[in-house]
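Chains, contacts and geometry: an overview
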Amino acid sequence: MEKALLIREDGTRVDGRKPDELRPFRMEVGVLENADGSAYIEMGKTKIYAAVYGPKEAHPRHIAQPHRAILQCRYHMATFSVSERKAPGMTRREHELSKVIREALESVLFLEEYPRSMIEVFVEVIQADAGTRTAGLTAASLALADAGIPMADLVAGVAVGKVAGRLVLDLSEEEDKNCEADLPVGMAPSINSIVLLQLNGRLTREEFSEAMRMAKKGIEVLYEAQKKALQKRFAAYGEVTD
Ligand code: UDP
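An account of the accompanying structure is given in this report. (Residues numbered from 1 in each chain as written. Predicted model: local features only at pLDDT ≥ 70, side-chain atom pairs only at ≥ 80, totals over all residues. Heavy atoms only, no water.)

The local shell around the ligand consists of M77, V82, R93, A128, D129, A130, G131, T132, R133, E173, D176 and D182. Take R133: an N or O atom from its side chain is 2.8 Å from an oxygen atom of the ligand. For the ligand, whose free accessible area comes to 510 Å², the fraction covered by protein is 75%. Only α2 (132-146) and α3 (173-177) provide two or more residues apiece to the shell around the ligand. Along the lines of polarity and charge, the residues of the shell around the ligand split into four nonpolar, two polar and six charged. (Near = heavy atom within 4 Å. Polar contact = N/O pair within 3.5 Å; in protein donor to acceptor, adjacent residues only side chain to side chain. Areas by Shrake-Rupley, 256 points an atom, 1.4 Å probe, with all protein chains shown as cover. Helix = DSSP H or I, 4+ residues; strand = E, 2+ residues; numbered from the N terminus. Nonpolar A, V, L, I, M, F, W, Y, C, P; charged D, E, K, R; others polar.)

Inspection of the sheet shows strand β8 (residues 181-188) paired to strand β9 (residues 193-197) by four bridges, in the antiparallel sense. Counted as the bridge partner of G186 is L196 from β9. Hairpin connection from β8 to β9: four residues lie between these consecutive antiparallel strands, with N192 at a positive phi of about 55 degrees. (Pairing = 2+ DSSP bridges.)

What follows concerns the environment of A188. Structurally, A188 can be placed in strand β8. Residue classification places A188 among the buried positions, given a relative accessible area of 0%. Residues A188 and L105 lie 83 residues apart in sequence; the distance between their C-alpha atoms is 9.6 Å. (Buried < 20%, exposed > 50% of the residue type's maximum accessible area, 1.4 Å probe, protein only.)

With that settled, consider a nonpolar patch on the surface. There is a patch of nonpolar side chains on the surface, built from I194, L197 and F208 and spanning about 250 Å² of accessible area. Tracing the chain through its elements places I194 in strand β9. Accessibility expressed as a relative area gives 48% for I194, which makes it partly exposed. (Patch = residues over 30% accessible without salt bridge, like charges linked within 9 Å, V, L, I, M, F, W, Y side chains within 5 Å. Salt bridge = Lys/Arg side-chain N within 4 Å of Asp/Glu carboxyl O.)

Attention now moves to the sheet that holds strand β3 (residues 46-57). The five strands are arranged β1-β2-β3-β5-β4 in an open sheet whose pairing can be described as mixed. Each end of this open sheet is capped by a strand with a single partner; those strands are β1 (25-29) and β4 (70-77). Direction aside, the axes of adjacent strands within the sheet are offset by 15 degrees on average. Note: β3 against strand β5 (residues 117-127), nine bridges, orientation antiparallel. Bridging from a neighbouring strand, K56 pairs with M118 of β5. Lying on the sheet, helix α1 (residues 92-106) is in contact with β4 and β5; it crosses β4 at an angle near 140 degrees. (Axes fitted to C-alpha atoms, helices over the stretch in contact; angles between N-to-C directions. Contact = heavy atoms within 4.5 Å.)

With that out of the way, let us pick up the nonpolar core. One broad trend across soluble globular proteins is that nonpolar side chains are buried collectively. In this structure, L105, L109, I119, V121, L137 and L144 are the most contacted members of the largest nonpolar core, which totals 62 residues. Sorting elements by how many residues they give to this core places helix α4 (residues 205-235) first, with ten residues. Once residues within four sequence positions are removed from consideration, I119 is found in contact with V52, Y53, P55, I70, L71, Q72, L111, L144 and I149. With six residues, the next largest nonpolar core counts I7, V163, V168 and L171 among its residues. (Core = buried A, V, L, I, M, F, W, Y, C linked by side-chain atoms within 4.5 Å.)

What follows concerns the packing of α2 against α4. Contact geometry for α2 and α4: axes closest at 11 Å, N-to-C directions at 30 degrees. Compared by their axis directions, α2 and α4 come out roughly parallel. Between α2 and α4 lies a crossing whose hand is right-handed. Counting all contacts with α2, which are made through T138, S141, L142, A145 and D146, the residues of α4 involved are Q226, L230, R233 and F234. In terms of residue class, the contact of α2 with α4 is made up of four nonpolar, three polar and two charged. (Parallel < 35°, antiparallel > 145°, perpendicular 65-115°, else oblique. Left-handed = near helix turned anticlockwise from the far one by under 90°.)

Attention now moves to unusual backbone geometry. The step from G54 to P55 runs through a cis peptide bond, and the omega angle for that step is 0 degrees. Residue placement: P55 occurs in strand β3. With an omega of -5 degrees, the peptide bond running from H59 to P60 counts as cis. Within the element layout of this structure, P60 appears in the loop between β3 and β4. Even without being glycine, N192 reaches a positive phi, approximately 55 degrees. Topologically, N192 is positioned in the loop between β8 and β9.

Quick look at the structure:
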């Protein structure tokens, strides 16, 4: 698709969204029977499961740290998650995204509370339509909360991109492929902390400030939905009556 067609004359996007509009999304907590904590997220056509094990004894034992838990994170895309079949193994990109998601989560976890332990986070992308690192982070944070692991705050993420010269929130893959810049952002809103920030492409200072403002607004919407998803999960146990 030609770049110009990605933004219509009236300023709306190819899927009809306004520039600062998120895709339709859905979150659910406690979706997997066999993990200690789990969550599912859909952002448009992007579909991701996150599963958490731990804190548990670090294994193999030589990786144990005497004063803290180690956090292991694996971001992985299913072979069938993308239009061109992906090889099942871990690519460089998946290693990179595992690292950025782990670092984002480390900034809200109290790992020093669990010496010689480990926490494992698995982010499995079932269907990808852009925004998987940020949606994966949002789901991973919910899965950690579901596992009962204390955090300074939940984290949520979304990308802002520059498409045909315009800043737009929560890129679809069609927009992602044709964008001039892509800025994935993860935040812990209540403690006002940026936990993930990457920039692919170029933005002016003004565009960067505006993109961060748009990301923050989007993240606040996701954050409220995260709290609702957790309340729904625990209401089922009769712990929350709301
Ligand atoms: N993608 C793909 N095949 C790949 C990697 C990525 O089709 O091997 C698509 C997928 O839809 C992904 C999008 O490209 O969501 C954007 O990828 P990017 O690396 O920008 O990360 P993301 O936006 O998912 O965080």
